[in-house]
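Results of the structural survey
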Amino acid sequence: MNDTPVIGVLALQGDVREHLIALASADALARPVRRPEELAEVDGLVLPGGESTTMSKLAALFGMLEPLRERIAAGMPVYGTCAGMILLADKILDPRSGQETLGGIDMIVRRNAFGRQNESFEAAVDVAGIDGGPVEGVFIRAPWVESVGAGAKVVAEHGGHIVAVRQQNALATSFHPELTGDHRLHAYFTEMVRAAG
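Residues numbered from 1 in each chain as written. Predicted model: local features only at pLDDT ≥ 70, side-chain atom pairs only at ≥ 80, totals over all residues. Heavy atoms only, no water.

**Focus: the overall build of the protein chain**
The line we're drawing: Per the convention used, a helix needs a DSSP run of H or I reaching at least four residues, while a strand needs a run of E reaching at least two, with both numbered from the N terminus. Our radius of gyration looks at C-alpha atoms and nothing else; its globule reference is 2.2 Å times the residue count to the power 0.38. Here's how the labels work: a residue is buried when its accessible area is under 20% of the maximum for its type, exposed when over 50%, partly exposed in between, all with a 1.4 Å probe on protein chains only. Contacts: residue pairs with any heavy atoms within 4.5 Å of one another. Each accessible area is a Shrake-Rupley result for a 1.4 Å probe, and residues are judged covered by the shown protein chains and nothing else. Only four residue types enter the tally: Lys and Arg on the positive side, Asp and Glu on the negative side; His and the chain ends are excluded. Charged groups are reduced to one reference atom each: NZ for lysine, CZ for arginine, CG for aspartic acid, CD for glutamic acid.
A tally of helices and strands in the protein chain yields six helices and twelve strands. Taking 197 residues into account, the globule formula puts the C-alpha radius of gyration at 16 Å, and the protein chain, at 15 Å, falls close to it. For the protein chain, the spread of C-alpha atoms along the principal axes amounts to about 40 × 40 × 35 Å. Within the protein chain, the proportion of its 197 residues that are buried is 49%. Residue pairs in contact within the protein chain that sit at least 24 positions apart in sequence constitute 65% of those at least 6 positions apart. Working note: accessible area of the protein chain is about 8300 Å², and carbon and sulfur atoms make up 48% of it. Across the protein chain, the centroid of the 17 positively charged side chains sits 5 Å from that of the 25 negatively charged ones.

**Observations regarding the side chain of Q99**
Rule in force here: Contacts described as polar in this section are N or O atom pairs within 3.5 Å, which, within protein, must combine one atom able to donate a hydrogen with one able to accept it, while residues neighboring in sequence count only if both atoms come from side chains.
Along the chain, Q99 turns up in the loop between strand 5 (89-92) and strand 6 (105-110). A distance of 2.7 Å separates a polar atom in the side chain of Q99 from a polar atom in the side chain of S52. In terms of polar contacts, Q99 uses its side chain to reach the side chain of R111, at 3.5 Å. In this structure Q99 touches S52, T53, S56, I86, I92 and R111, once residues within four positions along its chain are discounted.

**Structural notes on the pairing of strand 8 (residues 135-139)**
What counts, and what does not: Strand pairing requires that DSSP identify at least two bridges connecting the strands.
In terms of residue burial, strand 8 counts as a mostly covered element, since four of its five residues are buried. Looking at chain direction, strand 7 (residues 121-125) and strand 8 are connected through five bridges and run antiparallel. Bridging from a neighbouring strand, A123 pairs with G137 of strand 8.

**What to know about helix 1 (residues 16-25)**
Put simply, the rule is: Working definition: the arc comes from the directions between the helix axis and the C-beta atoms, pointing outward to the latter.
Those residues of helix 1 that sit buried are V16, H19, A22 and L23. Viewed along the axis of helix 1, the buried residues span an arc of 130°, placing them on a single side of the element. Downstream of helix 1 by one or two residues, D27 has phi in the positive range, about 65°.

**Some words on helix 4 (residues 65-73)**
Each α-helix turn comprises 3.6 residues. Residues three or four places apart therefore point the same way. Taken as a whole, helix 4 has its buried residues at L65, L68 and I72. One face of helix 4 carries all of its buried residues, which in axial projection span an arc of 70°. Turned more than 90 degrees away from the buried face of helix 4 sit E70 and A73, all of them exposed. Its buried side turned inward, helix 4 meets strand 1 (6-10), helix 2 (36-39), strand 3 (44-47), helix 3 (52-61), strand 4 (78-81) and helix 5 (83-88).

**Quick notes on the packing of aromatic side chains**
What counts is decided by this rule: Each Phe, Tyr or Trp ring, with Trp reduced to its six-membered ring, pairs with another whose centre is within 6.5 Å; inter-plane angles below 30 degrees give stacked pairs, above 60 give edge-to-face pairs, and intermediate values give tilted ones.
For the coordinates displayed, the defined rule picks out six aromatic pairs. Between Y79 and F189, the aromatic rings sit 5.8 Å apart at their centres with planes inclined by 45°, giving tilted as the arrangement. Of this pair, Y79 sits in strand 4 while F189 sits in helix 6 (residues 184-196), and the two are 110 residues apart along the sequence. Judged by centre distance (5.0 Å) and plane angle (85°), the ring pair of F114 and W144 falls under edge-to-face. Here the residue F114 occupies a position in the loop between strand 6 and strand 7, and W144 occupies one in strand 9 (residues 144-148), the gap between them amounting to 30 residues. The class of W144 is buried, set by a relative accessible area of 15%. The structure contains a cluster of three or more aromatic residues connected by ring pairs, namely F114, F121, F139, W144 and F175.

Right, dumping it as structure tokens:
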């Protein structure tokens, strides 16, 4: 891999465009990923916010569930925001019927933990490993992490709840950094992809 990693954004549902813009500003070659053959061409992947149940069902429909699980298990760098965090959890506390996860982070996640859409909020969040002060987190029907296993490292908390976790090449945040214009988390993830390459 050259200095410009190719990072995909799972483009089945959710705020794909915003992630593509944020990744491009972090000097990655960003592209939407909908099919297994597109997944095979990327060095890393972002799982965007959206509706986690819908995303898991669409991933199954598009034949993406197993290829995604295989690449993540093999160490492909992956970053999940909000619904993406739920997809990366090894366990969901309150799954909807038919909801599946991809796994990758030894954590238990509670869906919509911060409340409904009308209870969305923004907050400054200190994230370990991100220089330049707190990042602005946009929490929209956001999950939080109930607990993490030995392999996972908590990298941010808000209001006494875990809102960002990293385990080796997998990163997850409850909030949406792609909606703020602050692209430091995308730059951090781009560096994770470079290091893995």
